[in-house]
Amino acid sequence: MIEYLIKKFKKIPHTVEKNKPRLLVFSGAGLSADSGIATYREANANNQKENLWKTYDANVYSNYQNWYENKEKLFDFWNQRKHEMLNAQPNNAHLGLANLQKKYPNQVFLATQNIDLLLEKAGAKNILHVHGKIDEMMCTDCQHFWSIGLASYNSKEICEKCKSDKVKPKIILFGEQAPLYNNLYELFDFRNRQEHDIILCIGTSFKVINLDMIIGYGKYQPSYKILVNYESINSIKEARFDECFFGKANDNWQQIERTIEKHLNI
Ligand code: NAD
Ligand code: ZN
């Protein structure tokens with residue numbers, strides 16, 4: 001685990017490219033909504049799909065305290081999500097972020113709450129998945145984790161290290177520790193930011209992770225701050241952002257990208 005964290009920390013070099021502005025991206029379920037993946041709590045612009053926690057009881061399907069008692073249900077539920085996510089295609093926003101990363105090497109850092117692999121499918125690299133991702137399993141007895149790639153989760157699998165059957169998808173459930181939050185806070189901390197950095201918060205309600213205080217506002221907490229969400233919601237203080245785009249991320253992407261590039265090129 002420690003090795004993994006060290007590796008991740010190395011991906012957050014605030015010293016690299018010191019003189020160039022960086023783009024720091026924090027994304028959530030709304031980034032993938034236009035690819036047909038349901039959001040969990042807030043409105044989904046493509047509301048042919050209800051948001052998930054209205055349909056399913058999060059205490060049964062996504063609770064760390066009782067996950068083992070609900071193991072079969074939990075595996076069924078996450079296998080459905082995995083299947084849905086593997087069949088989805090990246091939208092303009094995923095593709096645009098991946099292209100920016102290619103075009104501005106060492107300047108673009110992607111952190112996401114999403115467990116899908118759509119940014120990877122779009123060609124993006126080194127993504128900080130703070131809630132885990134769908135291609136890994138873990139043992140809650142010894143913390144060992146491993147990749148299972150695109151295969152379905154198998155509830156009969158046991159830990160190859162300690163032989164425990166307390167094996168689950170490596171997705172952060174409610175009440176579970178999320179060690180990569182430290183890396184996220186480090187990445188966005190205003191004390192590590194440079195004047196011309198750009199922050200893009202896209203498709204997130206801030207209800208699960210609230211970066212509000214970290215993002216800050218005003219000249220003492222530098223950088224150009226952009227918010228992209230389907231609609232205005234009161235869990236986010238819009239005054240802290242320099243520019244807000246409301247509507248579907250997929251439809252607004254060209255305009256969003258122009259704004260980002262204008263600031264990346266100064
Ligand atoms: P959320 O469901 O709380 O909020 C979704 C946000 O996305 C809202 O602010 C909404 O306005 C916005 N949105 C919806 N459709 C959009 C669109 N087409 N374009 C732009 N914005 C759109 O999501 P959250 O803040 O990410 O928190 C929920 C938790 O569940 C997170 O951990 C999240 O990652 C996880 N989750 C992950 C996935 C995934 O991996 N794709 C899907 C659902 C939820
Ligand atoms: Zn184990």
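Quick summary incoming for the structure in this document. Treat the numbers as computed from the prediction; the structure is a model and nothing was measured.

### Concerning the coordination of the zinc ion (ligand 2)
Phase 1 of the analysis: The coordination sphere of the zinc ion (ligand 2) contains the protein donors Cys-139 (SG), Cys-142 (SG), Cys-159 (SG) and Cys-162 (SG), at a distance range of 2.3 to 2.4 Å.
Phase 2 of the analysis: Each of the four donor atoms bound to the zinc ion (ligand 2) contributes to angles spanning 104 to 115°, and the resulting shape is tetrahedral.
Phase 3 of the analysis: Coordination of the zinc ion (ligand 2) draws on donor residues from a single chain, spaced C-x2-C-x16-C-x2-C in sequence. Placement of the pair is Cys-139 in strand 4 (residues 132-139) and Cys-162 in the loop between strand 5 (145-147) and strand 6 (167-171), with a sequence separation of 23 residues.
Phase 4 of the analysis: We classify Cys-162 as partly exposed; its relative accessible area is 37%.

### As for the sheet that holds strand 5
Phase 1 of the analysis: Spatial ordering of the open sheet is given by 5-4-6, a layout of three strands whose pairing is antiparallel. Among the strands making up the open sheet, the edge pair consists of strand 5 and strand 6. When the angles between neighbouring strand axes are averaged without regard to direction, this sheet yields 40°.
Phase 2 of the analysis: Inspection of the sheet shows strand 4 paired to strand 5 by three bridges, in the antiparallel sense.

### Things to note about the pairing of strand 8 (residues 224-229)
Phase 1 of the analysis: Counting buried residues along strand 8, five of its six residues qualify, which places the element largely inside the surrounding structure.
Phase 2 of the analysis: Of the pairings in the sheet, the one linking strand 7 (residues 198-202) to strand 8 comprises five bridges and is parallel in character. Residue Ile-202 lies in a different strand from strand 8, and its bridge partner there is Val-228.
Phase 3 of the analysis: Sheet analysis places strand 8 next to strand 9 (residues 243-246), joined by four bridges and oriented parallel. The residue bridging Leu-227 from the neighbouring strand is Cys-244, located in strand 9.

### Some words on the nonpolar core
Phase 1 of the analysis: Membership of the largest hydrophobic core comes to 26 residues, with the highest contact counts inside it found for Trp-78, Met-137 and Tyr-153.
Phase 2 of the analysis: Contributing elements (two or more residues each) for this core: helix 3 (52-55), helix 4 (58-61), helix 5 (71-87), strand 4 and strand 6.
Phase 3 of the analysis: The element that contributes the greatest number of residues to this core is helix 5, accounting for five residues.
Phase 4 of the analysis: Excluding residues that lie within four positions of it along the chain, Met-137 makes contacts with Phe-75, His-144, Phe-145, Trp-146, Ile-148, Tyr-153, Asn-154, Glu-157, Val-167, Lys-168, Pro-169 and Lys-170.
Phase 5 of the analysis: Listed in part, the 25 residues of the second largest apolar core include Leu-110, Ala-122, Ile-202 and Ile-226.

### Observations regarding the packing of helix 6 (residues 92-103) against helix 10 (residues 249-264)
Phase 1 of the analysis: Where helix 6 contacts helix 10, the two axes come as close as 8 Å, and the packing angle between them is 25°. In this view, helix 6 runs roughly parallel relative to helix 10, as classed from their interaxial angle. Classified by chirality, the crossing of helix 10 by helix 6 is right-handed. Residue-level inspection shows Asn-92, Ala-93, Gly-96, Leu-97, Leu-100 and Lys-103 of helix 6 in contact with helix 10, the latter providing Ala-249, Asn-250, Trp-253, Glu-257, Ile-260 and Glu-261.
Phase 2 of the analysis: Counted by class, the contact of helix 6 with helix 10 contains six nonpolar, three polar and three charged residues.

### Quick notes on helix 10
Phase 1 of the analysis: Taking 1.5 Å of rise per residue, the 16 residues of helix 10 would be expected to cover 22 Å, yet its terminal C-alpha atoms sit only 20 Å apart, more than 12% below that figure.
Phase 2 of the analysis: Of all the bends in helix 10, the largest measures some 40° and sits at Gln-255.
Phase 3 of the analysis: Against the buried residues of helix 10 lie strand 1 (23-27), helix 6, strand 7, strand 8 and strand 9.

### Some words on the pattern of salt bridges
In a structure, side chains of opposite charge can pair up when their charged atoms sit close to one another.
Phase 1 of the analysis: If you walk through the whole model with that rule in mind, you get nine salt bridges.
Phase 2 of the analysis: As a salt-bridge pair, Arg-22 and Asp-197 come within 2.8 Å of each other at their nearest N and O atoms. In this pair, Arg-22 is assigned in the loop between helix 1 (2-9) and strand 1 and Asp-197 in the loop between helix 8 (181-188) and strand 7, connecting sequence segments 175 residues apart. Summarising the burial analysis for this pair, Arg-22 and Asp-197 share the class buried.
Phase 3 of the analysis: Measuring nitrogen to oxygen at the nearest pair gives 3.1 Å for the salt bridge that ties Lys-133 to Asp-135. Accessibility classification places Lys-133 together with Asp-135 in one group, the buried group.
Phase 4 of the analysis: Here the salt bridges share partners, and the residues they tie into one network are Lys-133, Asp-135 and Glu-136.

Conventions and cut-offs
- Residues numbered from 1 in each chain as written.
- Chains lettered and ligands numbered in written order.
- Predicted model: local features only at pLDDT ≥ 70, side-chain atom pairs only at ≥ 80, totals over all residues.
- Heavy atoms only, no water.
- Donors = N, O, S within 2.8 Å, 3.2 Å for Na, K, Ca; no water.
- Tetrahedral: all angles 85-135°; square planar, octahedral: opposite > 155°, others 65-115°.
- Helix = DSSP H or I, 4+ residues; strand = E, 2+ residues; numbered from the N terminus.
- Buried < 20%, exposed > 50% of the residue type's maximum accessible area, 1.4 Å probe, protein only.
- Pairing = 2+ DSSP bridges.
- Axes fitted to C-alpha atoms, helices over the stretch in contact; angles between N-to-C directions.
- Core = buried A, V, L, I, M, F, W, Y, C linked by side-chain atoms within 4.5 Å.
- Contact = heavy atoms within 4.5 Å.
- Parallel < 35°, antiparallel > 145°, perpendicular 65-115°, else oblique.
- Left-handed = near helix turned anticlockwise from the far one by under 90°.
- Nonpolar A, V, L, I, M, F, W, Y, C, P; charged D, E, K, R; others polar.
- Expected span 1.5 Å × (residues − 1).
- Bend = angle between axes of the 7 residues up to and from the residue.
- Salt bridge = Lys/Arg side-chain N within 4 Å of Asp/Glu carboxyl O.

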